[in-house]
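Secondary and tertiary structure notes
Chain by chain, the residues:
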Amino acid sequence: MVQSKAKIFLADERGVNETAWFRSFNTFNFGRYQNEHKTPFGNIYVLNDDTLDGNRSLKMLAEEESFVILLPIIGAIEYCNDEGAKNLLAAGQVQVLSVIKGETIELRNPFKTELVNFLQVWIRKNTQLPTPYASISTYDVNEFMNCLLQIFPSRIWETEFPFSVHIGKFSGRGETTFLPAKNKSAVFVFVLEGAFEVEGRLLHNRDGLALWDMEEIEVEALSNDAILLVIESSLIS
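So, a few notes on the structure that sits alongside this text.

With that settled, consider the environment of F111. As for its placement among the helices and strands, F111 is situated in the loop between β10 (104–108) and β11 (116–124). The partly exposed category is assigned to F111, whose relative accessible area is 30%. Placed 20 residues apart in sequence, F111 and A91 show a C-alpha to C-alpha distance of 14 Å. When residues no more than four places from it in sequence are discounted, the contact partners of F111 are G54, N55, G75, A76 and V116.

Spatial ordering of the open sheet is given by β15-β20-β17-β18, a layout of four strands whose pairing is antiparallel. Edge positions in the open sheet fall to β15 (175–178) and β18 (201–203), since each of these has one partner strand only. Adjacent strand axes in the sheet meet at a mean angle of 20°, parallel and antiparallel pairs treated alike. In this sheet, strand β20 (residues 217–221) lies alongside strand β17 (residues 196–198) in antiparallel orientation, the contact comprising three bridges. Residue V198 lies in a different strand from β20, and its bridge partner there is V219.

Further remarks concern unusual backbone geometry. Here F152 and P153 are connected by a cis peptide whose omega angle stands at -5°. Position of P153 among the secondary structure elements: in the loop between β13 (149–152) and β14 (164–170). One non-glycine residue with positive phi stands out, namely R206, at about 70°.

Counting residues in each nonpolar core, the largest one holds 31 residues, and the members touching the most others are I69, F163, F188, L192 and L229. For this core, the secondary-structure elements that each account for two or more residues are β4 (44–52), β6 (66–74), β9 (93–99), β11, β13, β14, β16 (186–193) and β21 (226–233). Contact partners of F163, with chain neighbours within four places excluded, come to F67, I69, V96, I123, F152, P153, E232 and S233. F22, L52, V68 and Y79 belong to the second largest nonpolar core, which has 19 residues in total.

Attention now moves to the pattern of salt bridges. All chains considered together, the criterion is met by nine salt bridges. Its salt-bridge partner being E13, residue K38 comes within 3.5 Å of it at the nearest N-O pair. Here E13 lies in the loop between β1 (5–9) and β2 (15–18) and K38 lies in the loop between β3 (22–26) and β4, a separation of 25 residues in the sequence. Of the charged contacts, one joins R108 and E78 as a salt bridge, the two residues approaching to 3.0 Å between their closest N and O atoms. Here E78 lies in strand β7 (residues 76–81) and R108 lies in strand β10, a separation of 30 residues in the sequence. Through salt bridges with shared partners, a single ionic network connects R14, D49 and R206.

Conventions used here
- Residues numbered from 1 in each chain as written.
- Predicted model: local features only at pLDDT ≥ 70, side-chain atom pairs only at ≥ 80, totals over all residues.
- Heavy atoms only, no water.
- Helix = DSSP H or I, 4+ residues; strand = E, 2+ residues; numbered from the N terminus.
- Buried < 20%, exposed > 50% of the residue type's maximum accessible area, 1.4 Å probe, protein only.
- Contact = heavy atoms within 4.5 Å.
- Pairing = 2+ DSSP bridges.
- Axes fitted to C-alpha atoms, helices over the stretch in contact; angles between N-to-C directions.
- Core = buried A, V, L, I, M, F, W, Y, C linked by side-chain atoms within 4.5 Å.
- Salt bridge = Lys/Arg side-chain N within 4 Å of Asp/Glu carboxyl O.

Scope: geometric values only; no functional claims are made or implied.
Listed below in C-alpha cells is the structure:
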C-alpha cells in the first residue's frame, strides 16, 4: 500500500498565547510561538483556535494581503474593520473576508459573561479578486449527516476563489470520500469534535492533518457526532 503524502499537527503540540481573558491555540507558528516543524501549509499560514472572555475584544493586524475565514464554534463573535463595518457572526455561520497589508480587524465577544470559541484561518492572497470583499454563509451540519458540505464558496461567481471550505457531521463509523478540485491541491483537515481516521491517520479533537498530491481522501468517523472541517487551497504560494 502506498501511503499518502501527509503531515499531522497534533492538538497537544500547538502553541499557546494566553492572557487572563483570552487563549489562543496556534496550529502554525504565530506570535511568540515559533517551531521549525509548524511552518505554514501552502497558502494557509494561520489557524488559531481562540477562546475569548465576556465583553472582551481582540485586534489582529494584517501583515500581508490575505483572506480570513472566521468560524464561530461556541457562541458568537462581532467583527469590525478599520472602515467601521460590523457583522455579528454566530455558530452555524462562516465569514470570509479579504484584508490588505496594514489593516486591523477587531473580534469581540458580544456576551457579558459567557465565553466564546471560534476559529480564524488566514490564507495568503495570490489572486486579483476584488478588495475589499466580505461574505457570510449559514449552514446546518445536522441537515446532511455523513458528508462534507461546502460552505464556501456558496455562490457561483465565488468559484473563482483559490480555496474552498467544507464541514461535516458524522455518526460513528460514518464515512465519505473527499475529492479535491485539483489533483495537486493542498487539503487541510481539522477535527472540531470527536475522532476520525483520515487516510489511515488517527485524529482526535482539534488535531489537524495536511495532505497533498491526492486524487481522493478517505474519511471515517470513529465517534458519534464527530465534526470535521476541510480547507482546500493552493500548495505553493
